[in-house]
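Observations on chain architecture
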Amino acid sequence: MSDQAELELAARVLELARASAGPSADVDVSVNRVALALTRFANSYIHQNVADTTTEVQLRIHSEGRTASASSTLVGADALGEMVERTVAAAKASPADPGWPGLIGTTPVLPSHDIDEAIVDASPADRASRVRDYIEAVGDLTAAGYFRTRYWASAYANSAGQAVSGACTEAALDAIAKTAALSDGVARQASRRIADIDCAVHGARAAAKARAWDGAVEIEPGAYEVVLEPTAVADVVYCLGNFGFNGKLVNEHQSFLEFGTRQMDGSITLVDDGVSAFAAGLPFDTEGTPRRRLALVENGVSRDAAYDRRSAAEAGVASNGYAEAESAVFGMSPGNIRLEPSAGSAPTEVDGPASNSSVLELVAQVGRGLLVTDHFYTRCLDPRRVLMTGLTRNGTWLIENGEIVRPVKNMRFTQSYSESLGPGNVLGIGSDAIAIPYNYGTNSATAPALRLAAWNFTGGASG
Amino acid sequence: MTHFDAADAAVEAALGAGATYADARVMHRRYESMSARNGDVEDLTQRESAGIGVRALVGGSWGFFGVPDLDDAVARRAGVRAAEIAAASATVPNRRGGQGLIPSEPEVGTWASECLIDPLAVPLSEKGDLLTSATAEMRKQGADIAVGSYDIWDTRKWFVSSEGHRIDQHVRECGGAITSTVIGDGETQVRSYPSRRGQFGTRGWELVEEADLGAHAARIAEEARALTRAPQCPAGETTVIIGGEQLALQIHESVGHAIELDRILGWEAAYAGTSWLDLSQLGSLKFGSELMNIVIDPTYPGALGSFGWDDEGTRAHKRDAVRNGIWKGVLAGRESAAVAGLDYGGSVRADGWARLPMVRMTNVGLEPGPHTLEEMIAATDDGIYMDMNRSWSIDDRRLNFQFGCQIAYEIKNGKLGRMLKNPTYTGIGPRFWASMDMLSSDIVAWGTPNCGKGQPGQTGHTGHPSAPARFTNVRVGVRG
């Protein structure tokens, strides 16, 4: 597979737009081709099985102080010509845009990852086979979830001379196993290589969790010490990315961030790194800005946030490559955020509810607390503190004297995520970081388990 | 070649590749949005998307393929690909037997939403001036961040099935909003108008004109500033009057999603979740108080979830969801209805040509009650009035919810008192609805343009007729 076709298409649209808008206009073009296939199962059979291949062209024109942008999935010559003319007309008619940050000039980007041809070539039968492995591994329990593959080729070109292209692949499993008593367990993993995801291992793990959660009891809400498994920690770091490390919210003083200040525990190092071995990402954004490893928090000290060109200009810094289709409105989210794990030996499979030996080591340090597998439906009450409410899901257990003693029903929490990682609040970090897929886009969060001093549970299963 | 021809070709190819049933939707959508901040435009986007999505049934299993090209040969290949994917699904089949569809008359027809002013034809300068002037006014009146926005969707669809359906529809939707944010001491306070994300409907630009955004700019900026100085909403259990905008989202989350048949059947178990409702109790389960009458009504004029036919060709039809507090109906499709043993569908839609049609809310909302908001306040000795959504969360069975609102007022001796900040309320769905003892007659069909569901993720547009209502013994003031 090659991203050359996308680069040629971007160059063609750029030429059309420059001819129409005139030589003084700033013009940039982004082309994305995504081949997505997702095999979804529920009640232990494949009930929804979909695929599509879509090419989308995005065009921005800034002319005489006014800006308009457009996109289209119609890439025939006539349709592209019409899009260009509509965008030129829209730029003339739109209100003034005094915050236009200009375009990036010729700047090299890192090479893309190696493409996993097994993902590119994966057939519906291949995906069905992996689903069957998962379903067989959960045994007499009910299985539900998805296995997906995605190939993404992208190119960017602008009137200031920047022209870059790249491609990436991703495979992901997100699935549960459910007992007849409706207790469930979960398994999630994203990877750039399809061979990394062993659906049978994940099925056995989810089934063990589901069986161990059977017979859950309700306990009193309140502040508990917790061990959050990677599936729950992924939610914490995702929300911190959205509301804390979002450059637009930083500019608006809606973020908690104070650069250079120790705002988190010294054991916390958070990075965003779409070009690492962990995550599937492209080495540039929709403005052609190169992406590299971005240190957000180093040893507890807040260091940086995600910016596109407009928010960076407002902040007086350089863009670090986080422009997206709607980032001008909603801001920038670190799409491949990673909480660095602790040094330690490679984890092994264990019996019972903990997902592996790394989690169990943290559990062993807890006097009284809760082991939480997953979060659900977390929403922000106030971005200034990343104050979130949500529920536990897919397995919660009471820990006493370092042992998992009984399953606990789901609980509601209302908790400041930034304060939960504050100085002194992080009592342990797991040694195994797992990439957890998102439902939208190719983004993921990579996280180990965490032992935290306190988590504010504000309601039980019965209200 | 017409769009119907492309859909016909895709269906024919799917049947030729072994499908026992197939349907195809050609969709062409134009979208426009503009956002202004603090008096300047920060984004103007125009999108166009067109393609064909084909659904095929092979051996009782389904496949779907979408492609952004309406060429005859491409449409045929899409039909074949859908059948191939369905054949792969059949290798991991439902052990209880294949999934069919409930019978349907082969509908043929045309439908268009009412639109007095084409929103895409309104000059960009006029739309931009509306947003820049409103945000400049909010800024002038004390907002730290003043944002205004509108969104417009213009969608044409051509649907064909192997059973003889042949339907084309033209749906125009739009709406807009303004929001003032004030940064306080370690907090933010927000006020929006007309709702959190804006009011939306299957109407033309007249909807935005009627909202008169500019006339409310100064008020919401002043309220956001005042909230930073207001006392906290107290914690405890009390009587709560919930405004119509917030109650619309309460309906959406705790009723609309709970009555989706695919959730009840477990098809969303791994992601969106299931439902606390059990089909064996359909027709007898007490969902709420006798004041609770909720209908599923895609024929509601101008509401955001309105259409002529759903995306598998079932004609729009009004149906009870809850009548006098008793659970009466579900949101269903032809496939889920067949599995559940029901005889109606009509609530299946897709977010574009590249996505599989699935069970979605249409317009799910309250019928009017006998009271007014003023009567409810006057009848309350001690309570809290809160409105305008700020946060929302509910569990995977749609029982345990917590909502945050933008603003609240205490009620003492039948009168509104002090403004309160950070109001939240929490509860369990059926217990909460059973406590509804007063309901206003002042119904507004609020639009929700951001309902997420499905894998791959789809964004749905839903409508929720709603009115202020009173609830007793509600836990409020949850804080982290």
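This text gives an overview of the structure that appears in the document. (Residues numbered from 1 in each chain as written. Chains lettered and ligands numbered in written order. Predicted model: local features only at pLDDT ≥ 70, side-chain atom pairs only at ≥ 80, totals over all residues. Heavy atoms only, no water.)

Thoughts on the interface of chain B and chain A
As a reminder of what qualifies: The contact criterion used throughout is that any non-hydrogen atoms of two residues lie within 4.5 Å. By buried area we mean the combined loss of accessible area, with a 1.4 Å probe, across both parts when two parts are placed together. Throughout this description, the term salt bridge denotes a Lys or Arg side-chain nitrogen within 4 Å of a carboxyl oxygen of Asp or Glu. Two N or O atoms count as a polar contact when they lie within 3.5 Å, although within protein this holds only if one can serve as hydrogen donor and the other as acceptor, and sequence-adjacent residues are included solely when both atoms are side-chain atoms. By definition, any uninterrupted DSSP run of H or I lasting at least four residues is a helix, any uninterrupted run of E lasting at least two residues is a strand, and each is numbered from the N terminus. As a working rule, the residues Ala, Val, Leu, Ile, Met, Phe, Trp, Tyr, Cys and Pro are called nonpolar, Asp, Glu, Lys and Arg charged, and the rest polar, with Gly in that last group. Here, any two strands with at least 2 DSSP bridges between them count as paired.
Listed by partner, the interface residues are 84 residues for chain B and 79 residues for chain A. Around 6900 Å² of area is buried between chain B and chain A when both sides are counted, 49% of it from carbon and sulfur atoms. Ranking the residues of chain B by area buried against chain A places E48, V92 and Q455 of chain B at the top, with a combined share of 10%. Our enumeration of links across chain B and chain A arrives at nine salt bridges. The residue E42 of chain B makes a salt bridge to K248 of chain A at a minimum N-O spacing of 3.1 Å. Counting every contact that joins chain B to chain A gives 40 residue pairs in polar contact (both at pLDDT 80 or more). In terms of residues, the side of chain B that touches chain A owes the most to one element, strand β2 (residues 40–58) of chain B, which gives 11 residues. Among the residues making up the side of chain B that touches chain A, the classes are represented as 32 nonpolar, 31 polar and 21 charged. As paired strands, strand β3 (residues 66–72) of chain A and β2 of chain B are joined by four bridges and run parallel to one another. Bridging from a neighbouring strand, S69 of chain A pairs with T45 of chain B of β2 of chain B.

Regarding the sheet that holds strand β15 (residues 364–366) of chain B
All names here are of chain B. Put simply, the rule is: For helices, the fitted axis covers only the stretch in contact; all axes are lines through C-alpha atoms, and the angles between them, taken along N-to-C directions, range from 0 to 180 degrees.
The four strands lie next to each other as β12-β11-β10-β15, forming an open sheet whose pairing is antiparallel. Either end of the sheet is taken by a strand with one partner, and the two such strands are β12 (326–327) and β15. Judged from the three bridges that link them, strand β10 (residues 294–296) and strand β11 (residues 319–323) form a sheet pairing that is antiparallel. For V295, the partnering residue across the bridge sits in β11 and is D320. In this fold helix α6 (residues 244–256) packs onto β10 and β15, with an angle of close to 125° to the strand it touches most, β15.

Notes on helix α5 (residues 217–229) of chain B
All names here are of chain B. To keep it simple, the criterion reads: Partly exposed describes any residue whose relative accessible area lies between the buried limit of under 20% and the exposed limit of over 50%, with all areas from a 1.4 Å probe on protein chains only and scaled to the type maximum. Here, the arc refers to the directions that run from the helix axis to the C-beta atoms.
Considered for burial, the residues of α5 that qualify are A217, I220, A221, E223, A224 and L227. Projected down its long axis, α5 shows its buried positions confined to an angular sector of 160°, all on one face. For α5, the secondary structure elements touched by its buried residues are α3 (124–140), β6 (166–183), β7 (188–193), β17 (400–412) and β18 (415–420).

What to know about unusual backbone geometry
With an omega of -5°, the peptide bond between Y193 of chain B and P194 of chain B qualifies as cis. Cis rather than trans, the peptide bond between Q455 of chain B and P456 of chain B has omega equal to 0°. With respect to the secondary-structure elements, P456 of chain B resides in the loop between β21 (444–453) and β22 (458–466). The backbone of N401 of chain A shows a phi angle near 50°, a positive value even though the residue is not glycine.

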